Amino acid sequence: NMSTFLYEAKEDEYFDINIKGTLGTTAENVILDGNGEYTVFSLMLQQGNGHINIDGITVRNGVIGVRGVGGIHIFSAFESTIYVTNCIFENNAN
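Residues numbered from 1 in each chain as written. Predicted model: local features only at pLDDT ≥ 70, side-chain atom pairs only at ≥ 80, totals over all residues. Heavy atoms only, no water.

1. Some thoughts on the overall build of the chain
Operational definition: A helix here means a DSSP run of H or I that spans at least four residues, while a strand means a run of E at least two residues long, and both kinds are numbered starting from the N terminus. Surface exposure here means Shrake-Rupley accessible area, sampled with a 1.4 Å probe, where a residue is shielded only by the protein chains that are shown.
Along the chain, the regular secondary structure elements total zero helices and eight strands. Mapped in sequence order, the helices and strands of the chain form the string β-β-β-β-β-β-β-β. Per element, the accessible surface of the chain, about 6800 Å² overall, is 49% carbon and sulfur.

Below is the structure:
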C-alpha cells in the first residue's frame, strides 16, 4: 500500500513536527519505504526554530535524490532540535 503525502506550510506558520506511528504500533509495523526509487522523506524548516520528533517508524530503501540523501533529508535554516527514537533504518543510500 503506497501513498504520497505532501504538505506545504502557509506563510508564518510555526509548529513542531511529530512523525510517529499510532499508539500501540512499533517501528516494525510503521514502514516508510522509498522502494529503491526515492528519498523516503524530506523536511525543510525555513522559518524560526523548530523541533522535529521522529519516533517508532522504519525508514528503508531510500535512494540518493536531487539533494543527495537516501532515507531522511532535514534542512533547517535556523537552529533546530531533532529527536529520533525507537526507529529502524535499513537499506538506505547515503
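2. Here's the deal with the sheet that holds strand 8 (residues 88-90)
In plain terms, the rule: Two strands form a pair only when DSSP identifies at least two bridges running between them. Every angle, taken between N-to-C directions, lies between 0 and 180 degrees, and every axis is a line fitted to C-alpha atoms, over only the stretch in contact when it is a helix.
Strands sit in the order 2-5-8 across an open sheet of three strands; the sheet is parallel. This sheet does not close on itself; its edge strands, each paired only once, are strand 2 (31-33) and strand 8. Going from strand to strand, the sheet's axes swing by 15 degrees on average, the running direction of each strand aside. In this structure, strand 2 lies alongside strand 5 (residues 58-60), joined through three bridges in parallel fashion. Paired with I31 across the strands is T58, a residue of strand 5.

3. A closer look at the environment of V69
We apply this condition: The contact criterion used throughout is that any non-hydrogen atoms of two residues lie within 4.5 Å.
Locating V69 in the fold gives a position in the loop between strand 5 and strand 6 (72-76). Sequence separation of V69 and F41 is 28 residues, and the distance between their C-alpha atoms is 9.6 Å. Excluding residues that lie within four positions of it along the chain, V69 makes contacts with T39, V63, I64 and A93.

4. A short note on the environment of D16
Convention followed: Burial status follows relative accessibility: with a 1.4 Å probe on protein chains alone, a residue under 20% of its type maximum counts as buried, one over 50% as exposed, and anything between as partly exposed.
Tracing the backbone through its elements, the reader meets D16 in the segment before strand 1 (17-20). Accessibility expressed as a relative area gives 41% for D16, which makes it partly exposed. Along the sequence, D16 and N53 sit 37 residues apart, while their C-alpha atoms lie 8.0 Å from each other.

5. A look at the sheet that holds strand 7 (residues 80-85)
Strands pair in a sheet through their backbones, by hydrogen bonds, and they do so in one of two ways: parallel or antiparallel. Here three strands make up an open sheet; going across it, the order is 1-4-7 and the pairing parallel. Edge strands, defined here as strands with exactly one partner in the open sheet, are strand 1 and strand 7. Sheet twist, expressed as the average angle between the axes of neighbouring strands with direction ignored, equals 5 degrees.

6. A word on the pattern of salt bridges
Here is the rule: Definition used for salt bridges: Asp or Glu carboxyl oxygen within 4 Å of a side-chain nitrogen of Lys or Arg.
Scanning the model with the defined rule gives two salt bridges in all. Here R60 makes a salt bridge to D33, at a shortest N to O gap of 2.8 Å. Of the two residues, R60 sits in strand 5 while D33 sits in strand 2, which places them 27 residues apart along the sequence. A salt bridge links E90 to R60, with the nearest nitrogen and oxygen atoms 3.8 Å apart. Of this pair, E90 sits in strand 8 while R60 is found in strand 5, placing the two residues 30 residues apart along the sequence. Residue class for E90 comes out partly exposed when judged on its relative accessible area of 35%. One connected set of salt bridges, linked through shared partners, spans D33, R60 and E90.

Honestly, that's just the spatial picture; any functional story needs more than this.
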